[in-house]
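Listed here are the chains, written in short residue letters.
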Amino acid sequence: MSTASVPVAAGTLVRRKPPWAVRRRRFLVAVADHSLLIVVAIIFLTPFAFIVLTSLMTNEQALSSHLWPSPFRWHNYVDVFREAPIWRWAINTFLYSVLATLGVLCSSIPVAYALSRIRWRGRDLAFATVLIALMLPPVVSVVPLYVMWAKLHLVGNLGPLIIPNWFGDAFSIFLLRQFFLTIPEEYLDAARVDGCGELRILATVVLRLAKPAIAAVALFSFLYTFNDFFLPLLYLRENPSHWVLQIGLSEFRSLHQVQWNLTMAATLLVMAPVIILFFLAQKAFVEGVTLTGVKG
Amino acid sequence: MTETAVTAGAPFTAERRRARHRAAWRRRRLVLMLMSPWIVGFCVFFGYPLVMSVYLSFTHYDLLSSPKWIGWANYKYLFTQDPQVGPAVRNTLWLILIMVPLQVLFAFGVATMVARAKRGVGFFRTVFYLPALAPPVAATMAFVYLLNPATGPVNVILGHLGINGPLWFQSPQWSKPSLTLLSIWGIGNLMIIFLAAILDAPQQLYESAELDGAGPIQRMRWVTLPTISPVILFSVVISVIAAMQYFTQAYVAANIASGQASQAGDQTVNNLGYPEGSTLFYPVLLYQHGFRFFNMGYASALSVLLLIVAFTVTVLIIRNSRRWVHYAGAVK
Amino acid sequence: MRRGVIAAIALAAILAAAAGATARSAAHAGTKADTITVWVGWSARVLAGFKKVVAEYDSKHPDVNVKVVGGINDDKITAAIRSGNVPDVVSSFTSANVGSYCKSGAWVDLKPFLSKDHLDVNVFPKTSQYYTQYNGKRCALPFLADVYGFYYNKKMFQAAGIKSPPKTMSELTADAKKLTKRNQNGSLKVVGYNPFLGFYAGNAPDLSAYAPLFGAKYTDAAGHSALSKDPAWSRLLKWQKNLVDWYGYKNLQKFDAGAADEFSASHAFEIGKVAMMIDGEWRVAFIQAEHPGLAYATAPAPVDDAKKNLYGAGYVNGTIIGIPKGVKHKDQAWALLKYLTFNAHPLAQFSNLIRNVPTTKQSLNSKEIKPDAHFKTFLTIFANPNSKTTPITAAGNAYGTLIQAFAVKWQAGHAGDLHAGLQKLDKQIDAQLKQAQAGGVP
């Protein structure tokens, strides 16, 4: 993305001022473009608006054709916490997300380094295994893994969700490797001349230069585990004390026979952490997503 | 590598050879240490399940007693008898052939519009990206509410416009389109990838095309599409893989839309695929057999089939792409 | 960014420490008395009632500490047994599943316990004995029964000039049409009787609630599925579809989607949006708790016009309770199970709280049971010899699921010819049972 600005600037230099008619046409096209964009943007935002509005209604209103709450029932947000152990779900979720993300980082960075900056026989083969794992749908392996965890008596707690992340994640390894490859050799050589071992180089030079990629991997991993529903459904279903937010939310209606207004309030609460995280780390997010697309 | 460069020209003495040997050994140990998480991970969480899947698919196994070898019976039942496999495959194909293209098209359209915008690119990017962040469970629940045929805001608004809105998640004709709407709402990731690719396209190409008298459509056809075709390929591949694993939204939508939390009634609500099996996608079927009925053997047969199909499809897409994808430079 | 990561690590460490601490303290408390866990499907008010019953047992038995977990369904039970994290006592509303629980051994055989304590299962009524075993293997005991009867809104009956509750299906249809009110745009405002399969549990989705009212038989003498052979099924399905079509499929579908949750205080019958319904006896207690002022009455459900003699019968099933495979405190679990199912006191006590039908002959006549006119109807239906439950098969609940899937298709008008459809369904059911019995492929 950063390279894009260079040709643009070069282009504007040569450009002569276009005649008035052309400018008028361009202006009208721009207006049309923007208004279409604004309409689509509003459509994209309406679901959020309705979630917020419904979360402030009484249950009767939520099941009526009124779209605007009257009166506003802020108390719903107090009731949600009373109806469901949201704090416990949140703690479980963060345990899962944080420990899994740490695991992904600790295990994937060294692997990506070995696959990109050290030469050894069999490296291509090892990288091929990463690519293969990347292409395999995880759904395929759930049955034997479930059997394995059941035999280890770990079904029903967070173990089966967290542990695999400490043994390398194909997507993260791939992303990091691609990024490590772009680090100029001179930096590493300079460090080697200074007498650094490979581990020192990894810990100092590479980690420092690969910050955007590492941030992206951490964000994706956090987001993925925070939003994950499938694995928690398999492994935690029968043990409510270990439920994560996504399971709790999906069972919210049947569990407490509560109403749509409270359900929407809970929905909003579950969305909130990710959205806040996004606004705090917007740049890392966008760079990260771009990285996946361009490097792929 | 610098070491080898230095030592290459030096004469081989026994001591040097030993030193080299030691260095190589140290290096091998280092690589092994760095690679160890992946070596273990690949074997335990990839190799083992793969082998186990194949083995279990020839057994009857309910996790209560040990697996019983039954030969090809699971596969025979899968291909000739199971009345649910056909519809599940068709439903998943629907996702691949209709939902994925719509997602890609829509993401591309929005990205093009945002790229053309002179002002507020950051703002629009945020707006279109936000829904992609919403956890799938939460987003699905919200959509089931929004599309409630009786009281949902969408049908209420349609009613004010004099349109008798459809039954959305409650009707087998509309349930997949409803899920498609949900997925289009969440195209943020694709959109950002496209946007970056479009903004990355060399501006001179556009200018020279414009000088040659190419209109906006021609510029799109001859400049934009070729330059971003690798990105389109990438998006299609990940979207197809995602469609083959489509589970969470289907599970939650069916669960909530069918609605009846039977508390004192006698039915365990078998609501997977509600309504009328129209949202019973292949992974949902796999879940039903594996984790509702605990027919681990049969579920393994289903996953082996999915594995083969997923691999074939991915390879086919990438193979055929050579024809139309334009690689500007070395991508990898 | 780095500060964020450090904070996250610190947070994780604190959380892990906290989790460990609570686990330790719980383990510490457990050394004095064994904690036994009971899983039940109830929630909210009913769950509170059950906890009260258990608390009494708990206080009398210092050697155990009973922990009750509510909101459990069969999905969770099965998953727990397969993964080895079982509670000590499990219960399920889905008595049809007893077939698969007994056959697979997921719930343990109770025979050794019963003979050791010289207990006779004949203290339970015949129906309740039937739905707690499979092929003579008893892996469950009945813990209160559910009986389905007819509820109607007296005020709305008066306004429409209807004197007495309908006794036949054609009367039900006529009354339903009289009681229905539509909005200007044609949508349904009040539904006289909602025949839509899948609307609340009263209209049991697998048609089981209707079967006894039509005298419909599931199997023939040879044990094969007989849905296409017994004409009662076609009569039932045709009656049901005619009424659905009178409302308009789409109208009813929208009405249902706009109705509040079945177990919320805004239940459509309780707020006067539905005038009549077939529902379980537990509704009496719900109305008592949520809308004590509602003017309603109960009666046996109307029956097939061709079989008027069936009037008074109804659908019966019940909560089943047992001990899962792999349990840790087998004997304490059995002691609690025995207390809950054989002792008249807890049965009567719980029945009073949640108005479910008690399941021993002794407790049915117990003086402890508080009389209630609405509830009495259900005790009579329970005693009726024509009252039936669904067949207990090796396929468990999957059996009903097949029938339900077909009926739902039929009511939507997607099933084509009824007789041909039922014939195909019979074949599917037979195939399914054969497979389930063989223990082979699903």
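Residues numbered from 1 in each chain as written. Chains lettered and ligands numbered in written order. Predicted model: local features only at pLDDT ≥ 70, side-chain atom pairs only at ≥ 80, totals over all residues. Heavy atoms only, no water.

(A) Up close: a nonpolar patch on the surface. Residues Val89, Leu93, Leu97, Ile98 and Leu102 of chain B make up a contiguous nonpolar surface patch of about 410 Å² in total accessible area. Since its relative accessible area comes to 36%, Leu102 of chain B is described here as partly exposed. (Patch = residues over 30% accessible without salt bridge, like charges linked within 9 Å, V, L, I, M, F, W, Y side chains within 5 Å. Areas by Shrake-Rupley, 256 points an atom, 1.4 Å probe, with all protein chains shown as cover. Salt bridge = Lys/Arg side-chain N within 4 Å of Asp/Glu carboxyl O. Buried < 20%, exposed > 50% of the residue type's maximum accessible area, 1.4 Å probe, protein only.)

(B) Spotlight on the side chain of Gln240 of chain C. Residue and element names in this part refer to chain C. Along the chain, Gln240 turns up in helix α10 (residues 231–247). Overall, Gln240 belongs to the buried group, its relative accessible area being 0%. Apart from the residues within four sequence positions on either side, Gln240 is in contact with Pro195, Phe196, Leu197, Trp410 and Gln411. (Helix = DSSP H or I, 4+ residues; strand = E, 2+ residues; numbered from the N terminus. Contact = heavy atoms within 4.5 Å.)

(C) Local environment of the confidence of the model for chain A. Residues and elements named next belong to chain A. Taken residue by residue, chain A gives an average pLDDT of 85. The fraction at 70 or more is 91%. Ranking the elements of chain A by mean pLDDT puts helix α1 (residues 5–14) last, at 43, and helix α5 (residues 86–116) first, at 95. For residues 1–13, every residue scores under 50 in pLDDT, and the model assigns this stretch 11 contacts once sequence neighbours within four places are set aside. (pLDDT = per-residue confidence, 0-100.)

(D) Geometry of the nonpolar core. Residues Tyr146 and Phe180 of chain A together with Phe128, Phe194, Tyr287, Phe291 and Met296 of chain B are the most contacted members of the largest nonpolar core, which totals 205 residues. Listed in part, the 136 residues of the second largest apolar core include Trp42, Phe157, Tyr339 and Phe342 of chain C. (Core = buried A, V, L, I, M, F, W, Y, C linked by side-chain atoms within 4.5 Å.)

(E) A look at the environment of Ala285 of chain C. Residues and elements named next belong to chain C. If you trace the backbone, Ala285 turns up in helix α12 (residues 283–290). You can call Ala285 buried: its relative accessible area is 6%. Separated by 69 residues in sequence, Ala285 and Ile354 place their C-alpha atoms 5.7 Å apart. Once you skip the residues sitting within four places of it in the chain, Ala285 turns out to touch Arg45, Leu353, Ile354 and Arg355.

(F) Representation of the pairing of strand β10 (residues 296–299) of chain C within the structure. Residues and elements named next belong to chain C. Of the two faces of β10, the one holding Tyr296 and Thr298 and the one holding Ala297 and Ala299 are both buried throughout. Two strands pair when backbone bridges link them, and strand β6 (residues 141–153) and β10 are joined in this way by 4 bridges, in the antiparallel orientation. Note on β10: the bridge partner recorded for Tyr151 is Thr298. (Pairing = 2+ DSSP bridges.)

(G) Quick peek at the packing of helix α4 (residues 85–116) of chain B against helix α8 (residues 175–185) of chain B. Residues and elements named next belong to chain B. Between α4 and α8, the least distance of the axes is 10 Å, while the angle of their chain directions is 35 degrees. Of the two possible hands of crossing, α4 and α8 adopt the one that is right-handed. Contacts between α4 and α8 involve Asn91, Trp94, Met99, Leu102, Gln103 and Phe106 on the former and, on the latter, Lys176, Pro177, Leu179, Thr180, Ser183 and Ile184. Residues of the contact of α4 with α8, tallied by class, amount to 7 nonpolar, 4 polar and 1 charged. (Axes fitted to C-alpha atoms, helices over the stretch in contact; angles between N-to-C directions. Left-handed = near helix turned anticlockwise from the far one by under 90°. Nonpolar A, V, L, I, M, F, W, Y, C, P; charged D, E, K, R; others polar.)

(H) How the structure looks around the domain arrangement of chain C. Residues and elements named next belong to chain C. Split by domain assignment, chain C resolves into domain 1 (32–146 + 316–383) and domain 2 (148–315 + 392–438). Of note, the centres of domain 1 and domain 2, computed from C-alpha atoms alone, are 28 Å apart. Between domain 1 and domain 2, the residue contacts involve 30 residues of the former and 27 residues of the latter. Buried area between domain 1 and domain 2, both sides added, is near 2,200 Å², and the carbon and sulfur share of it is 62%. Area buried by domain 1 at its contact with domain 2 is led by His374, Phe378 and Ile381, which between them contribute 28% of it. The interface formed by domain 1 and domain 2 contains 3 residue pairs in polar contact (both at pLDDT 80 or more). Elements with a minimum of two residues in the side of domain 1 that touches domain 2: α2 (44–60), α4 (98–104), β4 (133–134), β6, β11 (316–322), α14 (344–354) and α16 (373–383). Top contributing element to the side of domain 1 that touches domain 2 by residue count: α16, with 6 residues. Here the side of domain 1 that touches domain 2 is composed, by residue class, of 15 nonpolar, 10 polar and 5 charged. (Domains from an automatic or database assignment. Buried area = accessible area lost by both parts, 1.4 Å probe. Polar contact = N/O pair within 3.5 Å; in protein donor to acceptor, adjacent residues only side chain to side chain.)

(I) Examining unusual backbone geometry more closely. Geometrically, the link from Ser70 of chain A to Pro71 of chain A is a cis peptide bond, its omega value of 0 degrees lying close to zero. Put simply, Tyr274 of chain B and Pro275 of chain B share a cis peptide bond, and its omega is -10 degrees. You can see Pro275 of chain B is positioned in the loop between α12 (248–258) and α13 (282–292). The phi dihedral of His153 of chain A falls on the positive side, at around 55 degrees, and the residue is not glycine.

(J) Summary view of a positive patch on the surface. All names here are of chain B. A cluster of basic residues, Arg18, Arg22, Arg26 and Arg29, forms a positive patch on the protein surface. Note that Arg18 resides in helix α2 (residues 14–56). The class of Arg18 is exposed, set by a relative accessible area of 53%. (Lys, Arg positive; Asp, Glu negative; His and termini not counted. Charge placed at Lys NZ, Arg CZ, Asp CG, Glu CD.)

(K) Structural view of the pattern of salt bridges. Residues and elements named next belong to chain A. Taken as a whole and judged by the stated rule, the model has 16 salt bridges over all chains. Asp79 is paired through a salt bridge with Arg73; the nearest N and O atoms lie 2.8 Å apart. Residue classification places Arg73 among the partly exposed positions, given a relative accessible area of 29%. Its salt-bridge partner being Glu198, residue Arg192 comes within 3.2 Å of it at the nearest N-O pair. Via salt bridges that share partners, Arg117, Glu185, Asp189, Arg192 and Glu198 belong to a single interconnected network.

(L) Highlighting the domain arrangement of chain A. As far as domains go, chain A holds domain 1 (2–77) and domain 2 (85–257). Look at where the C-alpha atoms of domain 1 of chain A and domain 2 of chain A centre, and you get two points 35 Å apart.

(M) Up close: the state of the cysteines. Residue and element names in this part refer to chain C. In the structure shown here, the tally under the stated rule is 1 disulfide over all chains. In this model Cys102 forms its disulfide with Cys139; the gap between the sulfur atoms is 2.1 Å. A torsion of -85 degrees about the S-S bond marks the disulfide between Cys102 and Cys139 as left-handed. Here the residue Cys102 occupies a position in helix α4, and Cys139 occupies one in the loop between β5 (137–138) and β6, the gap between them amounting to 37 residues. Comparing Cys102 with Cys139 shows no difference in burial state: the two are buried. (Disulfide = S-S within 2.5 Å.)

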